[in-house]
Amino acid sequence: FIENANDIIYQVNPDGIFTYVSPNWVEILGYQLDEVIGKGVADFVHQDDIHLCLDFLNLVLSTGEKQSGVEYRVRHKNGSWKWHVSNGSPLKDENGNIFSYMGIARDITEKKQNEQAARELNQRFQTIIKNLPNGAVFLFDKDMKYIHVEGSALKEVGLEPEMMIGKTVTEVFPPEISKVAYKNQQRLFEGETCFFELEFSGNIYANWGQG
């Protein structure tokens, strides 16, 4: 089971020294097993996250109960940092005395990268909105449905975000507008950057988009 697990299974003693790591450590983090056994958590975990791991270890050992959800960065042998989330359980002898700690770690690097990208995207939105006092920002998913809309221009044309989220442009705007907008949306999803103008409620709105 351990040899075929997708997650890393490891064991450390109360001092945070590795006494066992599953074979997939080699594939996931690049180190040979003999480069890990006998080394401490601090040899692999990001210095800003070491206290999180040691506090988590101490919590498991002091309470004698399973704990879950500690997130930290661990160094790959190539020098890059991977995000892991770990659960831990105490190991007890036949008398019920805790003698070690066993953890299961899962790589969540992609999840963390997506979260960071979302934060950066939101910051970009806020910057754009602040510099477009009479404009609006729209974000679409791969099905061309609105997933985020914001800006003062919405109220000018009688729209609210809840009227648009989850809908396509053809469900929100009349045909003479949605036809032009949809055509340019298709260009965006093909990776183009485009600029076009739309007339709505007696006003002309300049539209810029990037896929």
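Provided above is the structure to which this section pertains.
Residues numbered from 1 in each chain as written. Predicted model: local features only at pLDDT ≥ 70, side-chain atom pairs only at ≥ 80, totals over all residues. Heavy atoms only, no water.

Digging into the overall build of the chain
Stated formally: Labels follow the DSSP assignment, with helices taken as runs of H or I lasting at least four residues and strands as runs of E lasting at least two, numbered in each case from the N terminus. The size measure is the radius of gyration over C-alpha atoms, and the globule rule it meets is 2.2 Å times the number of residues to the 0.38 power. Burial classes: relative accessible area under 20% of the type maximum marks a residue as buried, over 50% as exposed, and values in between as partly exposed (1.4 Å probe, protein chains only). Contact definition: two residues touch when any of their heavy atoms are within 4.5 Å. Note on areas: Shrake-Rupley, 1.4 Å probe, and residue coverage restricted to the protein chains presented here. Only four residue types enter the tally: Lys and Arg on the positive side, Asp and Glu on the negative side; His and the chain ends are excluded. A charged residue contributes its charge at one atom only: NZ of Lys, CZ of Arg, CG of Asp or CD of Glu.
Counting its regular elements, the chain contains 6 helices and 9 strands. Here the C-alpha radius of gyration of the chain, 26 Å, is well above what a compact globule of 211 residues would show, namely 17 Å. C-alpha atoms of the chain, sized along the principal axes, occupy 80 × 35 × 30 Å. Counting all 211 residues of the chain, 36% fall into the buried class. Within the chain, residue pairs in contact and separated by at least 24 positions form 34% of the contacts whose partners lie at least 6 positions apart. Counting every atom, the chain has about 13000 Å² of accessible surface; 50% of that belongs to carbon and sulfur. Each charge class in the chain was averaged separately, 20 positive and 30 negative side chains, and the resulting centres sit 3 Å apart.

Comments concerning the nonpolar core
Stated precisely, the cut-off is as follows: Among the buried residues, those of types Ala, Val, Leu, Ile, Met, Phe, Trp, Tyr and Cys that are joined through side-chain atoms within 4.5 Å form a nonpolar core.
The biggest cluster of nonpolar side chains holds 23 residues, and the ones touching the most others in it are Tyr-10, Phe-18, Trp-25, Tyr-72 and Tyr-101. Secondary structure elements with two or more residues in this core: strand E1 (8-12), strand E2 (18-21), helix H1 (24-29), helix H2 (50-63), strand E3 (67-75) and strand E5 (98-107). Each residue touching Phe-18, except ones within four places of it in the same chain, is listed here: Tyr-10, Gln-11, Val-12, Trp-25, Val-36, Ile-37, Gly-38, Lys-39, Gly-40, Val-41 and Phe-44. One finds Ile-177, Ala-181, Phe-196 and Phe-200 within the second-largest nonpolar core, a separate group that totals 18 residues.

It is worth stressing that arrangement in space is one thing and function is another; only the former is reported here.
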